[in-house]
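# Structural characterization, general
One-letter residues, chain by chain:
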Amino acid sequence: MSSAYQFGSLLEPISLEVTEEIIKRYGDVSGDHNPIHFDDNEAKKRGFSAKIIHGMLSMAIASKIVEPLLNDSFWIKQYNMKFIKPVFAGERILVSGSVSLVQDGQVLIHVQVSSPTYPQVAKGELCLQVYK
Amino acid sequence: MNIKQWEGAVTLPVSIKITKELLMAYAAATGTDHTATEELKHVPPALPMIFYQYMSVPWLDGQSFIHKEQTFVYEYPISIGDLLQCTISLNSVEKRRQFLVLHQELIGKNEQNQMVFSAKSILLKEAE
């Protein structure tokens with residue numbers, strides 16, 4: 001295992017503006033056409049100030065932070081995420097990550113997603129497993 | 001709909017083939033460029049959630065939920081060409097304050113009937 005993956009090592013952050021076009025594409029590819037993602041009025045009826053992106057879209061984008069490692073020697077064994085606050089359509093999200101544990105051929109990566117509105121919209125962990 | 005009545009229910013199994021087209025469509029929908037996707041050995045970890053659209057899940061029909069937590073656990077990584085037999089189960093429905101909390105699980109097995117992945121979701125819905 002590379003010595004680059006040590007406790008506390010920071011991963012290269014990623015950011016993406018989650019445009020309405022991306023939200024539409026995700027709705028199409030996932031089949032999730034819940035109106036809270038596409039219609040401000042429907043989102044307001046559910047207590048949001050504007051339409052929000054799919055939580056699973058945040059999770060999909062956040063996982064890209066480990067892609068540089070996957071083509072090296074790891075595969076993803078586990079991935080979890082808690083969705084804490086909404087991301088509004090059109091916002092740019094920032095994904096940051098750090099190594100929180102290296103043990104027995106596994107690397108645990110803590111990831112956090114933030115937006116201009118909320119410092120933490122989601123947090124989770126990716127467990128990477130070394131190929132045997 | 002009385003979602004509680006579906007507690008313990010499991011959907012019929014559905015076979016899903018992992019194709020390059022499916023992977024590329026997912027990548028485009030998540031803001032990933034084409035070249036980066038071509039270099040991946042395995043599909044992205046959150047991709048199995050799009051399998052929901054191929055499955056009939058009666059307790060989700062016409063309902064609107066808020067996604068609170070998601071966990072994927074892999075026994076094997078998924079690659080293009082894999083054929084997965086998928087089911088979704090509604091493991092529990094609890095009432096917590098004004099919300100219903102659903103715990104459900106999508107699982108995928110390979111052609112040898114071995115578990116490939118589990119995708120556990122916690123969903124919230126305002127109680128009626």
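Residues numbered from 1 in each chain as written. Chains lettered and ligands numbered in written order. Predicted model: local features only at pLDDT ≥ 70, side-chain atom pairs only at ≥ 80, totals over all residues. Heavy atoms only, no water.

## Some remarks on the packing of helix 1 (residues 20–30) of chain A against helix 1 (residues 20–29) of chain B
- Look at helix 1 of chain A against helix 1 of chain B: their axes get within 8 Å of each other, and the N-to-C directions meet at 150 degrees. It follows that helix 1 of chain A is roughly antiparallel to helix 1 of chain B by the angle criterion. Contacts between helix 1 of chain A and helix 1 of chain B involve A:Ile22, A:Arg25, A:Tyr26 and A:Val29 from the former and B:Ala25, B:Tyr26, B:Ala28 and B:Ala29 from the latter.
- Its residues placed into classes, the contact of helix 1 of chain A with helix 1 of chain B shows 7 nonpolar, no polar and 1 charged. (Axes fitted to C-alpha atoms, helices over the stretch in contact; angles between N-to-C directions. Helix = DSSP H or I, 4+ residues; strand = E, 2+ residues; numbered from the N terminus. Parallel < 35°, antiparallel > 145°, perpendicular 65-115°, else oblique. Contact = heavy atoms within 4.5 Å. Nonpolar A, V, L, I, M, F, W, Y, C, P; charged D, E, K, R; others polar.)

## Remarks on the side chain of B:Lys125
Residue and element names in this part refer to chain B.
- Among the secondary structure elements, Lys 125 is positioned in strand 5 (residues 115–126).
- Judged by its relative accessible area of 10%, Lys 125 is buried.
- A polar side-chain atom of Lys 125 sits 3.1 Å from a polar atom in the side chain of Gln 63.
- Residues contacting Lys 125, with those up to four places away along its chain left out, are Ile 3, Gln 63, Ser 64, Phe 65, Gln 98, Phe 99 and Leu 100. (Buried < 20%, exposed > 50% of the residue type's maximum accessible area, 1.4 Å probe, protein only. Polar contact = N/O pair within 3.5 Å; in protein donor to acceptor, adjacent residues only side chain to side chain.)

## Considering the UniProt feature "domain: FAS1-like dehydratase" (unreviewed entry) in chain B
- The sites that carry the UniProt feature "domain: FAS1-like dehydratase" (unreviewed entry) are, in the present numbering, residues 8–115 of chain B.
- The annotated region residues 8–115 of chain B carries 14% helix and 36% strand content, and the separation between its end C-alpha atoms amounts to 20 Å. (UniProt positions renumbered as here; feature names shortened; annotations may be inferred.)

## Let's talk about the interface of chain A and chain B
- Taken together, the contact between chain A and chain B spans 33 residues of the former and 31 residues of the latter.
- On the surface where chain A and chain B come into contact, there are 1 salt bridge.
- Its salt-bridge partner being A:Lys77, residue B:Glu75 comes within 3.6 Å of it at the nearest N-O pair.
- Taken together, chain A and chain B are joined by 11 residue pairs in polar contact (both at pLDDT 80 or more). (Salt bridge = Lys/Arg side-chain N within 4 Å of Asp/Glu carboxyl O.)

## Quick notes on the sheet that holds strand 3 (residues 92–103) of chain A
- Spatially, 1(A)-3(A)-4(A)-5(A)-2(A)-2(B)-5(B)-4(B)-3(B)-1(B) is the arrangement adopted by the 10 strands of the open sheet, whose pairing is antiparallel. Of all strands in the sheet, those with a lone pairing partner are strand 1 (14–17) of chain A together with strand 1 (14–17) of chain B, marking the two edges. If you compare each strand with its neighbour and ignore which way they point, the axes differ by 25 degrees on average.
- As defined by bridge partners, strand 3 (residues 83–96) of chain B adjoins strand 4 (residues 99–109) of chain B across 11 bridges and the pair is classed as antiparallel. By the bridge assignment, B:Arg96 is partnered in strand 4 of chain B with B:Phe99. (Pairing = 2+ DSSP bridges.)

## Some thoughts on unusual backbone geometry
- Non-glycine residue A:Asp104 carries a positive phi angle of around 50 degrees.
- Within the element layout of this structure, A:Asp104 appears in the loop between strand 3 and strand 4 (106–114).
- The residue B:Arg97 is not glycine, and still its phi comes out positive at about 50 degrees.
- Within the secondary structure layout, B:Arg97 lies in the loop between strand 3 and strand 4.

## Observations concerning the environment of B:Met115
Residues and elements named next belong to chain B.
- Inspection of the secondary structure puts Met 115 in strand 5.
- Sequence-wise, Met 115 and Ala 9 are 106 residues apart; in three dimensions their C-alpha atoms are separated by 19 Å.
- The contacts of Met 115, once residues within four sequence positions are left out, are Glu 75, Tyr 76, Ile 107, Gly 108 and Lys 109.

## Some points on the packing of aromatic side chains
All names here are of chain B.
- Across all of its chains, the model carries 4 aromatic pairs over all chains by this definition.
- Each ring, one from Trp 6 and one from Trp 59, has its centre 6.4 Å from the other, and the planes form 45 degrees; the classification is tilted. Of this pair, Trp 6 sits in the segment before strand 1 while Trp 59 sits in the loop between helix 2 (34–38) and strand 2 (66–74), and the two are 53 residues apart along the sequence.
- For Trp 59, a relative accessible area of 1% puts it in the buried group.
- Taking the centre distance of 6.1 Å and the plane angle of 35 degrees together, the rings of Tyr 74 and Phe 117 count as tilted. Highlighted residues: Tyr 74 in strand 2 and Phe 117 in strand 5, separated in sequence by 43 residues. (Phe/Tyr/Trp six-rings, centres within 6.5 Å; stacked < 30°, edge-to-face > 60°.)

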